[in-house]
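One letter stands for each residue in the lines below.
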Amino acid sequence: MLYSKPMKTVFVVMDCETTKRNGLVFDFGWTSFDRAGKVYGEGSFIAKDVLALDNPFYKSKIARYWDMAYNREIVPATFADIRERFNNHLKEIRDGRNKPILCAYNAAFDTRVLAETSWKMLERRFLDERAHMLDIWDAWASSCPRRYTAEISPSGNVRTTAESVFRYETGQPGFEEAHIAFPDTQIERIILEKVLRRKKRLPIVDNPKDFHARPWKKVQERVKRKDAPKELFPA
């Protein structure tokens, strides 16, 4: 009797960097892996045609991109080519009888700007097929350690940026996020792996409209305790 291979969930962690005025995606990267740590593929691309329209939000980092391209750490391509390569990657995962889940830290932002850039540049949807999605920010916020500590924002809340969370989870208080897509997927992958080890239910959605609007609020409640300074949790 033949048995089919059990379907595995493949987490496709993606990240975007956008232009300053138009908010278009010029830098897109991804890292795909399963719960066992097997890597299914990676990508790091810079969109030449998008950069012809506008400057990066972090313009001071443009020289870093030149170095990355020279060292073949990022591939210059058109946005159409980047879109095709990403969709082919998802197809390869599905053809291997596995289930891709698109993940990002603050996934509402990434899914929105990818959709808007694809429509602006190509007048077509970014994805060829619908996919399940996961906001790593929300997943982490739902199960974050109650002893979590980080810098306090001007509004009096504990910061929950990917940089702050990575600092806490890895014990690296001086860590600074690169704000370059592919390197940022590596820190987001580590955060997601921390979440997966907690074996809690993941907030997976089928539509970006279903992402939780304010994951940071969950964290404020989870870390609230009697010994916390009063200014941390204003009335």
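Everything that follows concerns the structure shown earlier in this document.
Basis of the calculations
- Counting restarts for each chain, with residues numbered from 1 along the sequence as it is written.
- For this predicted model, a pLDDT threshold of at least 70 governs which residues receive local features, and a threshold of 80 or more governs which side-chain atom pairs are given and counted, while totals over whole chains, interfaces and linings are taken from all residues.
- Side-chain calculation: all heavy atoms of the structure are included, whereas hydrogens and water are not.
- Under the DSSP-based scheme used, a helix requires at least four consecutive residues in state H or I and a strand at least two consecutive residues in state E, with every element numbered from the N terminus.
- Throughout, the radius of gyration refers to the C-alpha atoms, and the reference size of a globule is 2.2 Å times the residue count to the power 0.38.
- A 1.4 Å probe rolled over the protein chains alone gives each residue an accessible area, and that area as a share of the maximum for its type sets the label: buried under 20%, exposed over 50%, partly exposed in between.
- N or O atoms within 3.5 Å of each other form a polar contact, as long as, within protein, one can give a hydrogen and the other can take it, and as long as residues adjacent in sequence are counted only when both atoms are side-chain atoms.
- Two strands qualify as a pair provided that DSSP identifies no fewer than 2 bridges between them.
- Expected span, for any helix, means 1.5 Å times one less than how many residues it has.
- Aromatic rings from Phe, Tyr and Trp, taking only the six-membered ring of Trp, are treated as a pair when their centres fall within 6.5 Å; an angle between ring planes under 30 degrees marks them as stacked, one over 60 as edge-to-face, and anything in between as tilted.
- Each ring is checked for a lysine NZ or an arginine CZ that lies within 6 Å of its centre and within 35 degrees of its normal; such an atom marks a charge sitting over the ring.
- We count a salt bridge whenever a side-chain nitrogen from Lys or Arg sits within 4 Å of a carboxyl oxygen from Asp or Glu.

The next point concerns the overall build of the protein. In terms of helices and strands, the protein carries eight helices and seven strands. Computed over the C-alpha atoms, the radius of gyration of the protein is 19 Å, within 12% of the 18 Å expected from 2.2 N^0.38 for a compact globule of 235 residues. By principal-axis analysis of the C-alpha atoms, the protein measures approximately 60 × 55 × 35 Å. Across the 235 residues that make up the protein, the buried fraction comes to 46%.

A separate point is the side chain of Gln220. Within the fold, Gln220 resides in helix 8 (residues 215–222). A polar side-chain atom of Gln220 sits 2.8 Å from the main-chain amide nitrogen of Val158. In this structure the side chain of Gln220 is engaged in a polar contact, spanning 3.0 Å, whose partner is the backbone oxygen of Trp216.

Here we come to the pairing of strand 3 (residues 39–47). Relative to strand 3, strand 2 (residues 25–33) runs antiparallel, the two being bridged by seven bridges. Looking at strand 3, one finds that Trp30 is bridged to Gly43. As consecutive antiparallel partners, strand 2 and strand 3 are separated by five residues, and within that stretch Gly37 has a phi angle of approximately 95°, a positive value. Relative to strand 4 (residues 75–77), strand 3 runs parallel, the two being bridged by three bridges. Bridge pairing in strand 4 links Ile46 to Pro76.

We now examine helix 7 (residues 181–197). An α-helical segment advances 3.6 residues per turn. Residues three or four places apart therefore align on the same side. With 17 residues, helix 7 extends 24 Å between its outermost C-alpha atoms, agreeing within 8% with the 24 Å of an ideal straight helix rising 1.5 Å per residue. Burial within helix 7 is extensive, with 12 of its 17 residues counted as buried. Of the residues one or two after helix 7, Lys199 is the one with positive phi, at around 55°.

Time to look at the packing of aromatic side chains. Scanning the entire structure with this criterion turns up 14 aromatic pairs. Summarising the aromatic geometry, the rings of Phe79 and Phe126 are spaced 6.0 Å apart at their centres and angled 45° between planes, so their arrangement reads as tilted. Of this pair, Phe79 sits in helix 3 (residues 79–95) while Phe126 is found in the loop between helix 4 (107–122) and strand 6 (132–135), placing the two residues 47 residues apart along the sequence. Across the pair, Phe126 and Phe79 agree in class, each one buried. Aromatic rings pair up to connect Phe28, Trp30, Phe45, Phe79, Phe86 and Phe126 into one cluster. Between Lys61 and the ring centre of Tyr58, over which it is positioned, the NZ or CZ distance is 5.9 Å.

Turning our attention to the pattern of salt bridges. Using the criterion set out here, one finds 12 salt bridges in the structure. Close ionic contact of Arg83 with Asp128 constitutes a salt bridge, the shortest N to O distance being 2.5 Å. On the criterion of sequence distance, the pair formed by Arg83 in helix 3 and Asp128 in the loop between helix 4 and strand 6 is long-range, its members being 45 residues apart. Put simply, Glu163 and Arg167 hold a salt bridge, and the shortest N to O gap is 3.4 Å. Of this pair, Glu163 and Arg167 both sit in helix 6 (residues 162–170), four residues apart, which is roughly one turn of the helix. Exposure remark for Arg167: the relative accessible area of 19% places this residue in the buried category.

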